[in-house]
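# Observations on chain architecture
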Amino acid sequence: MNAFGEERVAGFVEQLGERTPAPGGGAACAIAAALAAGLVEMAARFAGDAAAAERAGELREAAVPLADEDVRAYGQVLAAQGETRVAALAAAAGTPLRIAEAASEAAQIGARLVRDGKVALRGDALAGVLLAEAAARGAAELVAINLSAAPGDERALRAQAAAVQAARARSQALSAARPAGAARG
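Now for a look at the structure at hand. Predicted model, so just to flag it, every value in this text is computed and none were measured. (Residues numbered from 1 in each chain as written. Predicted model: local features only at pLDDT ≥ 70, side-chain atom pairs only at ≥ 80, totals over all residues. Heavy atoms only, no water.)

### Structural notes on the overall build of the protein
Counting its regular elements, the protein contains seven helices and zero strands. Overall, the protein shows an N-to-C arrangement of helices and strands of α-α-α-α-α-α-α. Relative to a compact globule of 185 residues, whose C-alpha radius of gyration would be 16 Å, the protein shows 17 Å and is just as compact. C-alpha atoms of the protein, sized along the principal axes, occupy 55 × 50 × 35 Å. Taken over 185 residues, the protein has a buried fraction of 38%. Residue pairs at least 24 apart in sequence account for 74% of intrachain contacts in the protein once pairs closer than 6 positions are excluded. For the protein, the exposed surface amounts to about 9,800 Å²; the carbon and sulfur share of it is 57%. (Helix = DSSP H or I, 4+ residues; strand = E, 2+ residues; numbered from the N terminus. Rg over C-alpha atoms; globule rule 2.2 N^0.38 Å. Buried < 20%, exposed > 50% of the residue type's maximum accessible area, 1.4 Å probe, protein only. Contact = heavy atoms within 4.5 Å. Areas by Shrake-Rupley, 256 points an atom, 1.4 Å probe, with all protein chains shown as cover.)

Encoded structure:
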């Protein structure tokens, strides 16, 4: 019998390592955001926070298909040439922006759960926040790269703001997870 998730998770991770342009960073960030939201959802359920669990579940469900959407959008970039490539890159920025915003929201919910949720699930909520921050930062950088030929595009600012909010949530979660005076490594 196969180990839990072996076929799906292992296959996706194997595809990431292949010498192909996609799936790549955007798809990985989408899956990281989904994993983060799933951990936050679990922590919220144990905390009895139905609203947070519902929202984290919505974020999880929204993030997974963004991996496929990113692969399709990047496929259009690879097929484009010249000016159409610049337009394809700009169009492809929408997917990592949605990933960054979803991940940022998951991080913020998770930080609150680290602080106020069930103590036994603090580590799971914190892991969710850390994954969410990484997903938000990675996706925000992809937006910036895709829009490098379109300075002033507000989507780059939105993605950066999402990454900053996720980093703030990470700092809050780490502070809440460590008892006052605890050693920091």
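After that view of the structure, there is still more to cover.
### Describing the pattern of salt bridges
By the definition in use, this model includes 13 salt bridges. Of the charged contacts in the structure, one is a salt bridge between Arg-98 and Glu-69, with a shortest N-O distance of 1.9 Å. One end of the pair, Arg-98, is in helix H5 (residues 94-116); the other, Glu-69, is in helix H3 (residues 50-79), with 29 residues separating them in the sequence. What makes Arg-98 partly exposed here is its relative accessible area of 38%. According to the relative accessible area criterion, Glu-69 is partly exposed, its value standing at 25%. Salt-bridge contacts for Glu-133 lead to Arg-170; the nearest nitrogen and oxygen are separated by 2.8 Å. With a gap of 37 residues between them, Glu-133 in helix H6 (residues 122-146) and Arg-170 in helix H7 (residues 154-177) connect regions that are remote in the sequence. The buried category is assigned to Glu-133, whose relative accessible area is 16%. (Salt bridge = Lys/Arg side-chain N within 4 Å of Asp/Glu carboxyl O.)

### Here we look at helix H4 (residues 83-92)
The set of residues buried in H4 consists of Ala-88, Ala-90 and Ala-92. Where H4 is buried, its residues touch H3, H5, H6 and H7.

### Description of the side chain of Ser-104
Among the secondary structure elements, Ser-104 is positioned in helix H5. With relative accessibility at 1%, the residue Ser-104 sits in the buried group. Not counting chain neighbours up to four residues away, the residues in contact with Ser-104 comprise Ala-136, Ala-162, Gln-165 and Ala-166.

### Side note on the nonpolar core
In this structure, Ile-99 and Leu-113 are the most contacted members of the largest nonpolar core, which totals 41 residues. Sorting the residues of this core by element identifies helix H2 (25-47), H3, H5, H6 and H7 as the ones contributing at least two each. Sorting elements by how many residues they give to this core places H2 first, with 11 residues. Apart from the residues within four sequence positions on either side, Ile-99 is in contact with Gly-26, Cys-29, Ala-30, Ala-33, Leu-66, Ala-135 and Ala-139. Counting eight residues, the second-largest nonpolar core is a separate cluster that includes Ala-90, Ala-93, Val-143 and Ala-163. (Core = buried A, V, L, I, M, F, W, Y, C linked by side-chain atoms within 4.5 Å.)

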